[in-house]
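# Structure assessment
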Amino acid sequence: MNLPAARGPITAALFGRLTGPPGGEPLAVHEVDDEDLHLALFVCYELHYQGFDEVDERWEWEPSLLRTRAELERRFESALRELVPRPPAVPPQEVRRALAELVAADDGPPLSTFLQREASLEQFREFVVHRSIYHLKEADPHSWAIPRLRGRAKAALVEIQSDEYGGGRPERMHSELFRATMRGLGLDDSYGAHLGRVPAATLAISNAMSLFGLHRRLRGASIGHLAAFEMTSSLPNRRYAAGLRRLGGDATATRFYDEHVQADAVHEQIAAHDLCGAFALDHPSLAGDVLYGAACALTLERLWAAQVMSRWLRGTTSLLGEVVAA
Ligand SMILES: [Fe+2]
Ligand SMILES: [Fe+2]
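So, here's what we can say about the structure. These numbers were taken from a predicted model, which means no experiment stands behind them.

## Thoughts on the coordination of the iron ion (ligand 2)
Within the protein, the iron ion (ligand 2) binds to Glu164 (OE), Glu230 (OE), Glu230 (OE), Asp264 (OD) and His267 (ND1); these donor distances fall in the range 2.1 to 2.5 Å. Positions of the donor residues of the iron ion (ligand 2), expressed as sequence spacing, correspond to E-x65-E-x33-D-x2-H.

This is the structure we're talking about:
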């Protein structure tokens, strides 16, 4: 994976440093717009995942880089606090019900219905490009929470993640199923191929997962985030599968979505009850964080979907520049 094009002064300075030897002073972050902020943060986090071909691996724990990242995170966390009201606190035994209510109250734009019934092939490809930022590393950001949990909650998270990673069969890893979907649509399926094409709203979805996953203090938010993902997955994935079939996708291309209809109907139960419910009972003071993480997931998803839909309804692309073909 290569570094994408810079989107402003922070990414320009950051990428300039990352292509040299580790060291130096933290970057001075003054005014930063969303595109610059989220791409910079995404690239900082990516050093903990697959990294970049041209970046020395020692940058991962370079103190000056971590201090720059902390400043970017501070801005993202404060933006999230403004954007996402903290759900009312509930007793730990009520967390499962409160999660279900949050999900039920979520009224996002009808993106999945649009993809099912109306989207053009080009729009479906755009959708897949946006999603590739997460799905090609599917499950990784929430795996950071595993060593931060104990007992029932840990066992529940591992049970979910084991499915996401294919249960010992690499070809069944969800990230691999998604690559087949990308190939079926004639898209480059290599990791990070489309990073330069997705806007801040898409990057923010992944950045929230990495933020919650990489900070132990946010472990409650991390599992609440995962629960919201799982609880809002089964029905939309049924629609995505139907939309892709309508556009000529074969069984290999639609398998990722078909698989999630079944898998996430189970995962949502494990996530809400065994993971978040048990965690809240063991850590009553963190029950509110679980709900906050779920609310962040729902809000960022809603904002992203609204942006994509509004571009499409105006007849323009939701991506930055052209889609990278296979
Ligand atoms: Fe999955
Ligand atoms: Fe899942």
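Still more to cover.
## Remarks on the coordination of the iron ion (ligand 1)
At 1.8 to 2.1 Å from the iron ion (ligand 1) lie its protein donor atoms, namely Glu138 (OE), Glu164 (OE), His174 (ND1) and His260 (NE2). For the iron ion (ligand 1), the 4 donor atoms in the first shell make angles of 81 to 169° at the metal, so the coordination geometry reads as irregular. Sequence positions of the residues that donate to the iron ion (ligand 1) give the spacing E-x25-E-x9-H-x85-H.

## Quick look at the environment of Asp188
Its place among the elements puts Asp188 in the loop between helix H9 (174-184) and helix H10 (200-214). Assessed through its relative accessible area of 21%, Asp188 is described here as partly exposed. Distance in space between the C-alpha atoms of Asp188 and Phe279 is 39 Å, their sequence separation being 91 residues. At 2.6 Å, the side chain of Asp188 forms a polar contact with the side chain of Ser190.

## What about the packing of aromatic side chains?
Counted by the stated rule, this structure contains 10 aromatic pairs. Their ring planes at 85° and their centres at 6.2 Å tell us that Phe124 and Tyr257 sit as a pair that is edge-to-face. Of this pair, Phe124 sits in helix H6 (residues 121-135) while Tyr257 sits in helix H13 (residues 251-282), and the two are 133 residues apart along the sequence. A single burial state applies to Phe124 and to Tyr257, both of which are buried. Note on Phe256 and Tyr257: the rings are 5.3 Å apart at their centroids and 85° apart in plane angle, and the pair reads as edge-to-face.

## Details of the packing of H10 against helix H14 (residues 287-313)
Interaxial distance between H10 and H14 falls to 8 Å at its minimum, and their mutual angle equals 165°. One way to sum up the angle between H10 and H14 is to call them roughly antiparallel. Crossing of H10 against H14: the hand is left-handed. When H10 is examined against H14, the residues Ala201, Thr202, Ala204, Ile205, Ala208 and Phe212 are found in contact with a partner set consisting of Gly293, Cys296, Leu300, Glu301, Trp304 and Gln307. Residues of the contact of H10 with H14, tallied by class, amount to 8 nonpolar, 3 polar and 1 charged.

## Quick word on the nonpolar core
Soluble globular proteins: nonpolar side chains tend toward being buried together. Counting 71 residues, the largest nonpolar core has Leu18, Leu80, Leu111, Phe124, Phe127, Val128 and Tyr257 as its most contacted members. Sequence-distant contacts of Val128, that is, excluding residues within four places in its chain, are made with Phe178, Thr181, Met182, Leu185, Leu187 and Tyr257. Val90, Ile270, Ala294 and Leu298 belong to the second largest nonpolar core, which has 30 residues in total.

Procedures and definitions
Residues numbered from 1 in each chain as written. Chains lettered and ligands numbered in written order. Predicted model: local features only at pLDDT ≥ 70, side-chain atom pairs only at ≥ 80, totals over all residues. Heavy atoms only, no water. Donors = N, O, S within 2.8 Å, 3.2 Å for Na, K, Ca; no water. Tetrahedral: all angles 85-135°; square planar, octahedral: opposite > 155°, others 65-115°. Helix = DSSP H or I, 4+ residues; strand = E, 2+ residues; numbered from the N terminus. Buried < 20%, exposed > 50% of the residue type's maximum accessible area, 1.4 Å probe, protein only. Polar contact = N/O pair within 3.5 Å; in protein donor to acceptor, adjacent residues only side chain to side chain. Phe/Tyr/Trp six-rings, centres within 6.5 Å; stacked < 30°, edge-to-face > 60°. Axes fitted to C-alpha atoms, helices over the stretch in contact; angles between N-to-C directions. Parallel < 35°, antiparallel > 145°, perpendicular 65-115°, else oblique. Left-handed = near helix turned anticlockwise from the far one by under 90°. Contact = heavy atoms within 4.5 Å. Nonpolar A, V, L, I, M, F, W, Y, C, P; charged D, E, K, R; others polar. Core = buried A, V, L, I, M, F, W, Y, C linked by side-chain atoms within 4.5 Å.

Interpretation in functional terms is not warranted from these geometric data alone.
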